[in-house]
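So the chains spell out like this:
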Amino acid sequence: MDRVSSSMKQVSNPLPKVLSRRAGGGGLEAERESFERAQTVSINKAINAQEVAVKEKHARTCILGTHHEKGAQTFWSVVNRLPLSGNAVLCWKFCHVFHKLLRDGHSNVLKDSVRYKNELSDMSRMWGHLSEGYGQLCSIYLKLLRTKMEFHTKNPRFPGNLQMSDRQLDEAGENDVNNFFQLTVEMFDYLECELNLFQTVFSSLDMSRSVSVTAAGQCRLAPLIQVILDCSHLYDYTVKLLFKLHSCLPADTLQGHRDRFLEQFRKLKDLFYRSSNLQYFKRLIQIPQLPENPPNFLRASALSEHISPVVVIPAEASSPDSEPITDLVEMDTASQSLFDNKFDDIFGSSFSSDPFNFNSQNGMNKDDKDRLIEQLYGEIAALKEELENFKAESARGAVQLRGRASELEAELAEQRHLKQQAQDESEFLRAELEELKKQREDTEKAQRSLTEIERRAQANEQRYSKLKEKYSELVQNHADLLRKNAEVTKQVTVARQAQGDVEREKKELEDSFQRVSEQAQRKSQEQAEVLDTLKRELAASRQELQVLQGTLESSTQAGAEQSTRIAGLEQERDSLSRAAEQHGEEMAALRAELQQLRDESAEQALQRRLAEEQFALLQGTAQEAERMVQDALGRLEDPAHIGCTGSADCLLSRTLAASECVERLRDAHSKYLSNRAAVGSLLPCLALFAHLVSDTLLQGSATSHVAPMEPADRLLEMCKQCGSEAVSYLSALQDLGTVEGADCSLVMTCLSRISAIGEELRPRGLDVKQEELGDLVDKEMAATAAAIETAAARIEEMLSKARAGDTGVKLEVNERILGSCTGLMQAIHVLVLASKDLQREIVESGRGAASPKEFYAKNSRWTEGLISASKAVGWGATVMVDAADLVVQGKGTFEELMVCSREIAASTAQLVAASKVKADKDSANLCKLQQASRGVNQATAGVVASTKAGKSQVEEKDSMDFSSMTLTQIKRQEMDSQVRVLELENQLQKERQKLGDLRKKHYELAGVAEGWEEDAAD
């Protein structure tokens, strides 16, 4: 820079001259025209039909032009006039130049080119149809350019040449893992397009020859330089993004990313290796080599081992096809214009004509100018060399810094991973601590409960000890009383003589003892009171004994009194003995009652818990059953259920099963009310009840869809009522207060009504016993043959009458129609005979040891089909003869005759189908029947054709004569005809709709009558 400034000092005050030149210049339009002309020349030279590589100087001129005008308007205005769709080489070179503009051109090139994205897509599809030459190459290259524009449109932070620092890459993802994930996918797609172009170019070249030194080979290989530059950056960014994603997301989530990266890594490594061996690339670009093994994204420290691939373009080889510049004065017009345009961007447009005021230098001749120019060239070369050295050093420093940054990022990622592991372990330990705290609280609660139980046990033990002590005291008192009783007995023996005198005292003692006994009986329920009472009685007895002793001592002389006292004492002894025994029995009873109360309380608790669990089980089953019935009621109103249809027989079978289930449910409910432990028999009945009732509701709704309106409404309403009653019954079972009052009789009533409606809707088929089916088949077939013969005889009779009474066109028409009808009857007659033969063969081969009637009875459905088809054929023949008679008499219509002929053909087809059901496919009679069926179809076509021909002849004869009508009359007739046409069209539309409804209803009724729906259900 010092050399440049010293050179600038040699120029005397250039800037005022520039400003004066710019201020005085007014040729902006001329400069614009010159710029556009120069750009047009360069673009046309760069994009031409010659199969040679694009010259670098022309491409550089196009790039500088985009910077000059800050966009690509001029480029596209010139390109749009080129026949890109007509010349593949021209389109290929356009893609190369456009790729260079997207990479190195102005940033507005992308904005100006997005509007042409659809045209590029159409051109890509067009060239994709060519499988040879440049067709596929152009198609893939155009797809790549479209992908590049879409990528840079979605990610505006990425420049066209994809050169970004790691900080800018992080900012592009906004530090959001979702953005990084999506960005990686887009880069994979971008790199995939680049690799496809790479492989397609190599596959189009004959690598057995030195194609890289030929002009055609260089034309195909030249765009790959841009591809190599893009691939090196995309590979580097993809590796860094994958390492970043693996530090944030689980490895399983990124398995697809890793698989796709490995595939692209192998392709890119192979293509880089093959490219580096080509002579063409060795002098233009230094292609990096990828590592032997792909990066291990599962190891965060592997990021430090990643080295970003750097593509080096030598300065002397950047313009391999441009001529060396020997003299600044001898530059060609295009180079001079390019230099002026670039100089105008820096110093202004007027300054480029005489930038350093060489022409106005005083005393400076041409040699001085040449020396100055050479000096400037030397300084520029030296500066370029220093700049290249500085760039190389900065590149090496940048690589080292990137490596160090990668190491630091790997360490940071590893530290983050360790931090995350520590956090997870901390969370796990915290959760375990909380669990231990909860366990400790539960243990403390259990310990407190155990302490309380032990305290209660100790209290009970103390209470039992006290009772035991009181019982021991009673036993001791009883022993004392016995001993005293023995002493008294001894005294009684001594004082037996005084028995008479103590009679009165004896009665008083009996009364007192009786009162004492009654008082002991009243207080026997309370143990403490009983003991107190016994103590008082014992004390009273002691006092009385003392009194008696004193009395005996004082009244030794009164024998009668002593005898009385002795008798009283004996009674007292007996009473005391009985009282002691009674108190012992009471204590034993109290102990037994206490043990019984303990046992009964535990048993009652278990029974109460068992009853609660059984009722909860019943309640849950009833809730599930109620939800099932509610679901069936909801499906009745579902529009998707309207298309479901069913038969009355299937409805009756479901209703019968539901009724039987209701009876079993009623018995199980009664058993449950009598014994609440019998819930095991009630639960299966509830589940089956809900299933069968739901099935009955859905089958009833399906049957109502094919039933007449009134029965259908009644059936649907009854189904809804049945479902409501079932829900009410199940709701009552869920409440403990209403379980006894739950009654399913209303559900049974609704099922009975549904069954009655189903009986009304059952099809009324042939009221014939199965034993009579065989005879009925023969009768119907014979009746059909007789009806056909009768119809043929009537037609012959009508033909004779027509020949006798008609002439001209009418006779011709009647003869043709009746002749075709006769042929149809003969064909039907042959078909009926063939059907009989085939039917006889089927019966003989299928009945075995059974009789024909038993065979018909066993296959009643098939037999009924034969009978129905035979009746249809006979009825059709009769109706057709009547229609032909009316037509011959002039009272009928030709259309009625055509409809009758088609109907009888359909009836015969039904007869053929019914006969073929059980026939052997190799049967000779079956072949005859099929031939007869084709004969009937041909005869039917003949009847229709003769009827149409006769109708046209009659209409031609009856054509109107307009010769005598005026203009007003004709106009009036025209309006009437239009009105009549509209009326007929309206009637035709209504009749077609009516015919469709009739056919639909006939099909439904026939299906119900024949049991098609039941067969489908089976």
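## Describing the overall build of the protein chain
Here is step 1 of the chain: Counting secondary structure elements, the protein chain contains 32 helices and zero strands.
Here is step 2 of the chain: Counting only residues that meet the buried cut, the protein chain has 39% of its 1018 residues in that class.
Here is step 3 of the chain: Look at the contacts in the protein chain between residues 6 or more apart in sequence, and 80% of them connect residues 24 or more apart.
Here is step 4 of the chain: In the structure as shown, the protein chain presents an accessible area of about 58500 Å², 52% of it carried by carbon and sulfur atoms.

## A short note on the nonpolar core
Here is step 1 of the chain: Judged by nonpolar contacts, the single largest core of 95 residues is most densely connected at Ile-47, Phe-75, Phe-94 and Phe-158.
Here is step 2 of the chain: When residues in this core are grouped by element, the largest group, 14 residues, is from helix 13 (residues 224-246).
Here is step 3 of the chain: Leave out the neighbours within four places in its chain, and Ile-47 touches Phe-75, Val-79, Leu-82, Leu-90, Lys-93, Phe-94 and Val-97.
Here is step 4 of the chain: The next biggest cluster of nonpolar side chains, apart from the first, holds 50 residues, and it includes Val-679, Leu-697, Leu-733 and Met-748.

## Looking at a nonpolar patch on the surface
Here is step 1 of the chain: On the surface, a cluster of nonpolar side chains totalling about 320 Å² of accessible area is made up of Ile-307, Val-310, Val-312 and Val-399.
Here is step 2 of the chain: For Ile-307, the location among the structural elements is in the loop between helix 15 (279-282) and helix 16 (333-347).
Here is step 3 of the chain: The exposed category is assigned to Ile-307, whose relative accessible area is 63%.

## A look at unusual backbone geometry
Here is step 1 of the chain: Its identity as a non-glycine residue notwithstanding, Lys-70 has a phi of 60°, on the positive side.
Here is step 2 of the chain: Its place among the elements puts Lys-70 in the loop between helix 4 (56-69) and helix 5 (73-79).

## What to know about the packing of aromatic side chains
Here is step 1 of the chain: Applying the stated criterion across every chain yields a total of 20 aromatic pairs.
Here is step 2 of the chain: Between Phe-75 and Phe-98, the ring centres sit 6.3 Å apart and the planes meet at 10°, which makes this aromatic pair stacked. One end of the pair, Phe-75, is in helix 5; the other, Phe-98, is in helix 6 (residues 88-104), with 23 residues separating them in the sequence.
Here is step 3 of the chain: Seen from their ring centres, Phe-261 and Phe-297 are 5.1 Å apart, and the 80° between their planes marks the pair as edge-to-face. Highlighted residues: Phe-261 in helix 14 (residues 255-276) and Phe-297 in the loop between helix 15 and helix 16, separated in sequence by 36 residues. The residues Phe-261 and Phe-297 share a single accessibility class, namely buried.
Here is step 4 of the chain: Aromatic ring contacts, followed pair by pair, group Phe-75, Trp-76, Phe-94, Phe-98 and Tyr-116 into a single cluster.
Here is step 5 of the chain: The ring of Tyr-134 carries Arg-220 above its face, with NZ or CZ at 4.5 Å from the centroid.

## Here's the deal with the side chain of Arg-220
Here is step 1 of the chain: Note on placement: Arg-220 falls in helix 12 (residues 215-221).
Here is step 2 of the chain: Of the buried charged residues, Arg-220 lacks a salt bridge, with Glu-51 as the closest side chain of opposite charge at 4.3 Å.
Here is step 3 of the chain: Within polar-contact distance, the side chain of Arg-220 engages the side chain of Ser-204 at 3.2 Å.
Here is step 4 of the chain: Leave out the neighbours within four places in its chain, and Arg-220 touches Glu-51, Trp-92, Gly-133, Tyr-134, Leu-137, Val-201, Ser-204 and Leu-205.

## Comments concerning the pattern of salt bridges
Here is step 1 of the chain: Within the structure shown, the criterion is met by 27 salt bridges.
Here is step 2 of the chain: Here Arg-32 ties to Glu-36 by a salt bridge, and the two come within 3.0 Å at their closest N and O atoms. Placement of both Arg-32 and Glu-36 in helix 3 (residues 28-46) is noted, with a separation of four residues, approximately one turn of the helix.
Here is step 3 of the chain: Note that Glu-444 and Arg-440 form a salt bridge whose closest N and O atoms lie 3.4 Å from each other. Taken together, the positions of Glu-444 and Arg-440, both in helix 17 (residues 366-494) and four residues apart, correspond to about one turn of that helix.

## Focus: the packing of helix 6 against helix 9 (residues 135-154)
In a packed pair of helices, the relevant descriptors are the angle between the two axes and the axis-to-axis distance.
Here is step 1 of the chain: It is the contact of helix 6 with helix 9, at a shortest axis distance of 10 Å, that shows an interaxial angle of 20°. By the criterion of interaxial angle, the relationship of helix 6 to helix 9 is roughly parallel. Crossing of helix 6 against helix 9: the hand is left-handed. Contacts between helix 6 and helix 9 involve Ala-88, Cys-91, Trp-92, Phe-94, Cys-95, His-96, Phe-98, His-99, Leu-102 and Arg-103 from the former and Leu-137, Cys-138, Tyr-141, Leu-142, Leu-144, Leu-145, Lys-148 and Met-149 from the latter.
Here is step 2 of the chain: When the residues that make up the contact of helix 6 with helix 9 are grouped by side-chain class, the tally is 14 nonpolar, two polar and two charged.

Definitions and cut-offs
Each chain carries its own residue numbering, running from 1 in the written order of its sequence. pLDDT decides what is reported in this predicted model: residues at 70 or higher carry local features, side-chain atom pairs at 80 or more are listed and counted, and totals for whole chains, interfaces and linings draw on all residues regardless. Heavy atoms throughout the structure, all of them, feed into the side-chain values; hydrogens and water do not. Helical segments are the DSSP runs of H or I of at least four residues, strand segments are the runs of E of at least two, and each set is numbered from the N terminus. Only protein chains enter the accessibility calculation, which uses a 1.4 Å probe; a residue whose area is less than 20% of its type maximum is buried, one above 50% is exposed, and one in between is partly exposed. Any two residues whose heavy atoms approach within 4.5 Å are treated as being in contact. Only the protein chains shown count as covering a residue, and every accessible area follows the Shrake-Rupley method with a 1.4 Å probe. Take the buried residues of types Ala, Val, Leu, Ile, Met, Phe, Trp, Tyr and Cys, join any two whose side-chain atoms come within 4.5 Å, and each joined set is a nonpolar core. Residues qualify for a patch when their relative accessible area is over 30% and they have no salt bridge, like charges being joined within 9 Å and the nonpolar side chains of Val, Leu, Ile, Met, Phe, Trp and Tyr within 5 Å. Salt bridges are identified by distance alone: a Lys or Arg side-chain nitrogen within 4 Å of an Asp or Glu carboxyl oxygen. A pair of aromatic rings is counted whenever rings of Phe, Tyr or Trp (Trp by its six-membered ring) have centres within 6.5 Å, and the orientation is called stacked for planes under 30 degrees apart, edge-to-face for over 60 and tilted otherwise. Cation placement over rings: the criterion is NZ of Lys or CZ of Arg within 6 Å of the ring centroid and within 35° of the ring normal. Charge counting treats Lys and Arg as positive and Asp and Glu as negative, with His and both chain ends excluded. Side-chain atoms alone can form a polar contact between residues adjacent in sequence; in general such a contact is a pair of N or O atoms within 3.5 Å, and within protein one must be able to donate a hydrogen while the other accepts it. An axis is simply a line fitted to the C-alpha atoms; with a helix, the fit covers only the stretch in contact. Between two such axes, the angle follows the N-to-C directions and lies from 0 to 180 degrees. The cut-offs work like this: below 35 degrees is roughly parallel, past 145 is roughly antiparallel, 65 to 115 is roughly perpendicular, and the gaps in between are oblique. If you view the pair so one helix is near and one far, a crossing is left-handed when the near helix is turned anticlockwise from the far one by less than a right angle, and right-handed when it is turned clockwise. Note on residue categories: nonpolar means Ala, Val, Leu, Ile, Met, Phe, Trp, Tyr, Cys or Pro, charged means Asp, Glu, Lys or Arg, and polar means any other residue, Gly included.

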